[in-house]
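Close look at the chain arrangement
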Amino acid sequence: MSEAIPWQPQQTLARGRFVLVNRLGRGGMGEVWLASDERLREPVALKFLPPEIRGDPGALDDLRRETARCHKLSHPNIVRIHDLHEDADGTAFIVMEYVDGPTLAALRLKQRSRVLSWDYLRPLVGQLCAALEYAHGEKVIHRDLKPANLMVDSRGRLKLADFGIAAVVSDSMSRVSVHHLTSGTLPYMSPQQVRGQRPQAADDIYALGATLYELLTGSLPFYSGDITHQVLHEAPEPVDERLAVLEIENSVPLEVSAMVMACLAKEPGQRPQSAGAVAGRVGVLESRASPYEALEKSVFSNTEATSVAAPPSKPGPLAAPVSRGTDRFPRVEKAPRKPGLGHEIPSRDEAWWSVVVSTTLGYLFFLTLFVGWITWPKEDVVRYWESNWTKLQLETAGQLWLWKVVLSLWLLFILLVTARRFWRRWK
Ligand SMILES: Nc1ncnc2c1ncn2[C@@H]1O[C@H](COP(=O)(O)OP(=O)(O)OP(=O)(O)O)[C@@H](O)[C@H]1O
Ligand SMILES: [Mg+2]
């Protein structure tokens with residue numbers, strides 16, 4: 001098994017299923033290529049595995065398991081892992097969703113100041129937190145969160161790549177190579193991850209802090225000298241101090257720098273306790289995707305695929321990404337939401353409940369009008385408008401009972417619905 005296989009555009013793999021288009025980049029494990037999936041007729045990204053992994057049955061087994069776990073993650077801000085493909089000739093690659101946009105690492109380096117503004121990052125952080133919150137809820141930890149694994153597609157959506165995979169490969173590499181320390185990329189790793197402790201969501205929260213620190217200041221919290229020692233024992237310089245030291249102008253709101261520093265706390269208990277809490281602290285809370293929306297996404301995902309012939313889009317000017325009217329998720333919030341005021345996208349159950357209630361109310365309303373019309377003698381209507389209400393009631397009492405019952409039911413419904421809404425808001 002040779003180290004560097006000279007992949008070529010137009011080369012076919014997996015008995016013609018994939019046709020290589022062009023090389024997208026090279027990372028710690030190997031090359032990533034844009035390819036056309038001839039069966040599904042959509043572009044995919046192929047990540048070729050290094051020989052250390054291909055030659056290690058244990059590592060391949062770990063990766064198979066992790067790929068299967070990550071395949072189950074379905075979120076608009078997570079790069080979808082399709083498959084781990086192993087050819088008889090020893091070639092092995094991960095097939096994943098192709099993202100037609102740059103990484104945040106590349107975007108940052110394209111800026112003259114080498115930093116990204118909070119205005120630009122704000123909606124992306126909301127989407128990233130939504131992705132992490134979802135994955136952590138599914139008990140999946142990323143373990144290699146960093147700007148190089150964050151991409152922005154041509155629609156301005158953030159995509160978190162390499163969920164679980166990079167860490168497993170890195171772990172396996174560390175078993176067979178002295179050059180690899182452990183899972184993750186050292187400057188983004190929490191003290192617990194550096195010590196090799198059991199992965200936990202708090203590791204991703206730390207990496208989120210280190211990632212934002214780098215994107216906002218142009219430098220990592222710890223970037224020279226004995227990084228391991230500093231990660232374990234030293235407090236990082238506050239964001240505004242680092243900006244001042246490096247003489248970089250970037251306006252970072254106080255609550256954002258405070259949140260970044262809180263994420264970098266040495267003790268997991270002192271970090272924000274979830275990605276949702278991070279988003280809440282800086283007012284970028286995303287609407288939660290309900291299972292109904294995930295289903296909707298997966299059903300229509302094939303029709304959203306872009307043509308493989310289209311070249312990867314160039315990064316545009318750094319205007320803040322905006323949500324599209326037709327795109328129900330992610331929605332980018334312009335202002336912090338007040339907690340508990342019912343702005344959530346309704347879940348499937350709530351949607352059905354709303355349909356049932358509004359249909360019933362509408363039906364009762366028209367029934368009331370209809371029954372009122374046929375049971376209410378015309379001359380009484382005239383008398384009513386002459387403000388002779390008492391007389392009207394006495395004369396038509398026998399005919400109005402049905403109207404009264406329906407009206408009471410209708411009012412009861414309105415009361416119940418209102419009470420339920422208030423209860424849900426203040427619960
Ligand atoms: N799903 C994808 N769609 C489009 N391009 C991708 C995709 N995944 C990776 N790339 C491109 O390939 C490059 C290399 O990715 P890769 O994940 O191998 O490296 P990395 O993230 O820098 O390092 P690591 O191995 O630690 O993850 C990225 O910088 C990106 O430009
Ligand atoms: Mg990567």
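This is a predicted model, so every value here is computed, not measured.

**Notes on the overall build of the chain**
On a plain count of helices and strands, the chain comes out with 15 helices and eight strands. Residues counted as buried form 34% of the 427 residues belonging to the chain. Across the chain, every contact between residues at least 6 apart in sequence was considered, and the portion connecting residues at least 24 apart equals 65%.

**Here we look at the sheet that holds strand β5 (residues 81-86)**
Taken in spatial order, the six strands of this open sheet run β1-β2-β3-β4-β6-β5, and their pairing is antiparallel. Unpaired on one side and paired on the other, β1 (12-13) and β5 mark the two borders of the sheet. Contacts from helix α2 (residues 57-71) reach β5 and β6 (92-97) within the one sheet, and its direction differs from that of β5 by about 155°.

**Some remarks on the confidence of the model for the chain**
Considering every residue of the chain, the mean pLDDT works out to 79; 72% of them sit at 70 or more. Here residues 289-346 scores under 50 on pLDDT; set against residues more than four positions off or in separate chains, the count is 75 contacts.

**Let's talk about the pairing of strand β4 (residues 42-48)**
Across the seven residues that make up β4, a large majority, six, are buried. As defined by bridge partners, strand β3 (residues 31-37) adjoins β4 across six bridges and the pair is classed as antiparallel. Note on β4: the bridge partner recorded for Ser 36 is Pro 43. Hairpin connection of β3 to β4: four residues between the antiparallel strands, including Arg 41 at a positive phi of 55°. The sheet contact formed by β4 and β6 spans five bridges and is antiparallel. For Val 44, the partnering residue across the bridge sits in β6 and is Glu 97.

**Here we look at the site of ligand 1**
The environment of ligand 1 is formed by 22 residues, the closest being Gly 25, Gly 27, Gly 28, Val 32 and Ala 45. For the shell around ligand 1, the secondary-structure elements that each account for two or more residues are β2 (18-26), β4 and β6. Among the elements that line the shell around ligand 1, the one with the most residues is β2, at three residues. Here the residues of the shell around ligand 1 are counted per class, giving 11 nonpolar, six polar and five charged.

**As for unusual backbone geometry**
Glycine aside, residues mostly have negative phi angles, and peptide bonds mostly take the trans form. Positive phi, normally seen in glycine, also occurs at Arg 41, with a value near 55°. With respect to the element layout, Arg 41 can be found in the loop between β3 and β4. By C-beta crowding, Arg 41 is classed as exposed, having 11 other C-beta atoms within 10 Å. The phi dihedral of Arg 114 falls on the positive side, at around 65°, and the residue is not glycine.

**Here we look at helix α7 (residues 201-217)**
Residues lying three or four places apart along an α-helix face the same way, a consequence of the helix completing one turn every 3.6 residues. For α7, with 17 residues, the first-to-last C-alpha span of 24 Å sits near the 24 Å given by 1.5 Å per residue. Summarising burial for α7: 17 of the 17 residues are buried, a large majority.

**A few points about the nonpolar core**
Core analysis: the biggest nonpolar cluster contains 85 residues, and Leu 46, Leu 128, Cys 129 and Leu 160 have the highest contact counts within it. Tallying contributions element by element places α7 first for this core, with 11 residues. Discounting residues that sit within four places of it in the chain, Leu 128 has contacts with Asn 77, Leu 150, Leu 158 and Leu 160.

**Section: the environment of Ile 414**
Structurally, Ile 414 is set in helix α15 (residues 389-426). C-beta crowding within 10 Å serves as the criterion here: with 13 such atoms nearby, Ile 414 is assigned to the partly exposed category. C-alpha of Ile 414 to C-alpha of Leu 361: the two residues are 53 residues apart in sequence and 7.9 Å apart in space.

**Overview of helix α10 (residues 254-263)**
Those residues of α10 not exposed but buried are Val 256, Ser 257, Met 259, Val 260 and Cys 263. With its buried residues spanning 160° around the axis, α10 presents them on a single face. Turned more than 90 degrees off the buried face of α10, the exposed positions are Leu 254 and Glu 255. For α10, the secondary structure elements touched by its buried residues are α4 (118-137), α7, α9 (239-245) and α11 (275-281).

About the cut-offs
Residues numbered from 1 in each chain as written. Chains lettered and ligands numbered in written order. Predicted model: local features only at pLDDT ≥ 70, side-chain atom pairs only at ≥ 80, totals over all residues. Helix = DSSP H or I, 4+ residues; strand = E, 2+ residues; numbered from the N terminus. Buried ≥ 20, exposed ≤ 12 C-beta atoms within 10 Å, placed from the backbone. Contact = placed C-beta atoms within 7 Å. Pairing = 2+ DSSP bridges. Axes fitted to C-alpha atoms, helices over the stretch in contact; angles between N-to-C directions. pLDDT = per-residue confidence, 0-100. Near = placed C-beta within 6 Å. Nonpolar A, V, L, I, M, F, W, Y, C, P; charged D, E, K, R; others polar. Expected span 1.5 Å × (residues − 1). Core = buried A, V, L, I, M, F, W, Y, C linked by C-beta atoms within 7 Å. Arc of directions from axis to C-beta.

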